[in-house]
Amino acid sequence: MAMRSEEPIAHVEGDADVSLEGLDAVHTLLSRYWDVVEEALPRPVDATWRALFDSAVGEISGNIVRHAYLDNPGSATFHISFDCYTDGMEATMRDQGSPYVLMRAIGRPDMRDGLDYIEFDHGWGLPIAQAASDGLEYNRLPDGHNQWVITKRWPS
Amino acid sequence: MTSKMVYAIESKGNGLGVARLTGRLDIASAAEVKRAFAEAVAEGSPRLIVDLAGVNFIDSSGLSALVSGLRAARQAGGDLRIAAAGNQPTAIFALTSLDQVFRLYPSVEEAASGYEE
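Thresholds, definitions, all that
Residues numbered from 1 in each chain as written. Chains lettered and ligands numbered in written order. Predicted model: local features only at pLDDT ≥ 70, side-chain atom pairs only at ≥ 80, totals over all residues. Heavy atoms only, no water. Pairing = 2+ DSSP bridges. Helix = DSSP H or I, 4+ residues; strand = E, 2+ residues; numbered from the N terminus. Axes fitted to C-alpha atoms, helices over the stretch in contact; angles between N-to-C directions. Parallel < 35°, antiparallel > 145°, perpendicular 65-115°, else oblique. Left-handed = near helix turned anticlockwise from the far one by under 90°. Contact = heavy atoms within 4.5 Å. Nonpolar A, V, L, I, M, F, W, Y, C, P; charged D, E, K, R; others polar. Expected span 1.5 Å × (residues − 1). Buried < 20%, exposed > 50% of the residue type's maximum accessible area, 1.4 Å probe, protein only. Polar contact = N/O pair within 3.5 Å; in protein donor to acceptor, adjacent residues only side chain to side chain. Salt bridge = Lys/Arg side-chain N within 4 Å of Asp/Glu carboxyl O. Right-handed = clockwise from strand over helix to strand, strands pointing away. Core = buried A, V, L, I, M, F, W, Y, C linked by side-chain atoms within 4.5 Å. pLDDT = per-residue confidence, 0-100.

### Considering the sheet that holds strand E3 (residues 88-95) of chain A
Residue and element names in this part refer to chain A.
Logical step 1: Spatially, E1-E2-E3-E5-E4 is the arrangement adopted by the five strands of the open sheet, whose pairing is antiparallel. The strands lining the two open edges of the sheet, one partner per strand, are strand E1 (10-17) and strand E4 (135-140). For this sheet, the mean inter-axis angle between neighbouring strands, taken without regard to orientation, is 15 degrees.
Logical step 2: When E3 meets strand E5 (residues 146-153), the two strands line up antiparallel, connected through eight bridges. Residue pairing for E5: Arg94 is matched across the bridge by Gln147.

As structure tokens, then:
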């Protein structure tokens, strides 16, 4: 679990419905977060760096919508928080859905490997989220929540 | 961020079709876009150009829809080319090596010229 003692430079959080429409709320929160970040940081964030962070957030959000509430879809919300620190960013997502069986991805996703049999739901989301970030952590918390933490460090 | 995917696929004749997409190409829209690509190919436009100028976000589902369209187009003797990809689509193509699968063009016009070569 990601724990920090320093206060974030920027912080935005909110809830999204566990539904396809709920993804709108995720992207709205993300957009608002970037507005706050741009005001807080002395220099603009590199566009590609930002795109990869957003990609990781999008993949994990989609994963929650798709997998966490298979038994009772559309019944709940999940919580998202974005934090900007001096050494990078974190996105934390919590839901109360079913535990997720995490198959750890190895290496960078090369979708050319799946080109001949790629399907709508082939499971590229987590490998992409992992490759787009510097850390992807999943935990099943004692209170029954799933928690995903995406970490991305500023380029050196 | 613009949400709902809006798209239009226009047949330009001679097997050429231009698909203009706006919004997010993600888990919410990928299945419908995939069907639209398949229909365009089946209806005589196997040389597809997908204009991503209005697309601000693509996830793995969206990538799968593009790849599915590519496969359908190639099976019909054509291709699926990408035009005007912005920051996030470009980054995700590079991350997944799909920039080595799709031909990427700065504009629809240049993608169309590529078909004439």
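From this point, the narrative continues.
### A few points about the packing of helix H1 (residues 22-40) of chain A against helix H2 (residues 47-67) of chain A
Residue and element names in this part refer to chain A.
Logical step 1: For the pair H1 and H2, the least separation of the axes is 10 Å and the interaxial angle reads 150 degrees. As judged from the angle between their axes, H1 and H2 are roughly antiparallel. Handedness of the H1/H2 crossing: right-handed. Here Leu23, Val26, Leu30, Tyr33, Trp34 and Glu38 of H1 come into contact with H2, specifically with Trp49, Arg50, Phe53, Asp54, Val57, Ser61, Gly62 and Val65.
Logical step 2: Partitioned by chemical class, the residues of the contact of H1 with H2 number nine nonpolar, two polar and three charged.

### Description of H2 of chain A
All names here are of chain A.
Logical step 1: Taking 1.5 Å per residue, 21 residues should reach 30 Å; H2 reaches 30 Å between its end C-alpha atoms and fits that length.
Logical step 2: Within H2, 16 of the 21 residues are buried, leaving the element largely enclosed by the surrounding structure.
Logical step 3: The backbone nitrogen of Thr48 lies 3.1 Å from a side-chain oxygen of the residue at the head of H2, namely Asp46.

### Focus: the interface of chain A and chain B
Logical step 1: Between chain A and chain B, the residue contacts involve 30 residues of the former and 28 residues of the latter.
Logical step 2: At the boundary of chain A and chain B, one finds one salt bridge.
Logical step 3: A salt bridge links Asp24 of chain A to Arg24 of chain B; the nearest nitrogen and oxygen atoms lie 2.8 Å apart.
Logical step 4: Run the count over chain A and chain B and you get four residue pairs in polar contact (both at pLDDT 80 or more).
Logical step 5: Elements supplying a minimum of two residues to the side of chain A that touches chain B: H1, H2 and helix H3 (125-132) of chain A.
Logical step 6: Element by element, the count of residues in the side of chain A that touches chain B is highest for H2 of chain A, at 10 residues.
Logical step 7: A breakdown of the residues in the side of chain A that touches chain B according to their chemical character gives 14 nonpolar, seven polar and nine charged.

### Considering the pairing of strand E3 (residues 47-58) of chain B
All names here are of chain B.
Logical step 1: For strand E2 (residues 16-25) and E3, the ladder comprises nine bridges, and the chain directions are parallel. Within E3, the residue paired with Leu16 across the bridge is Arg47.
Logical step 2: With respect to chirality, the unit in which E2 leads through helix H1 (residues 30-42) into the neighbouring parallel E3 is right-handed.
Logical step 3: Inspection of the sheet shows E3 paired to strand E4 (residues 79-83) by five bridges, in the parallel sense. What sits directly across from Ile49, in E4, is Arg81.
Logical step 4: Following the backbone out of E3, through helix H2 (residues 60-75) and into the adjacent parallel E4, one traces a crossover that is right-handed.

### Re the nonpolar core
Logical step 1: Formed by 66 residues in total, the largest nonpolar core has its most connected members in Tyr33, Phe53 and Met93 of chain A.
Logical step 2: Broken down by element, this core gets its largest block of residues, nine residues, from H2 of chain A.
Logical step 3: Discounting chain neighbours no more than four positions away, the residues touching Phe53 of chain A are Leu30, Tyr33, Trp34, Phe82, Met89, Glu90, Ala91, Ala132 and Lys152 of chain A.
Logical step 4: One finds Ala83, Tyr105, Ala111 and Ala112 of chain B within the second-largest nonpolar core, a separate group that totals nine residues.

### Details of the confidence of the model for chain B
Residue and element names in this part refer to chain B.
Logical step 1: Taken as a whole, chain B shows an average pLDDT of 94; of its residues, 97% reach a score of 70 or greater.
Logical step 2: Confidence, read as mean pLDDT per element, is least for helix H4 (residues 108-116) in chain B (90) and greatest for E3 (98).
Logical step 3: This complex was scored by the predictor with a pTM of 0.92 and an ipTM of 0.94.

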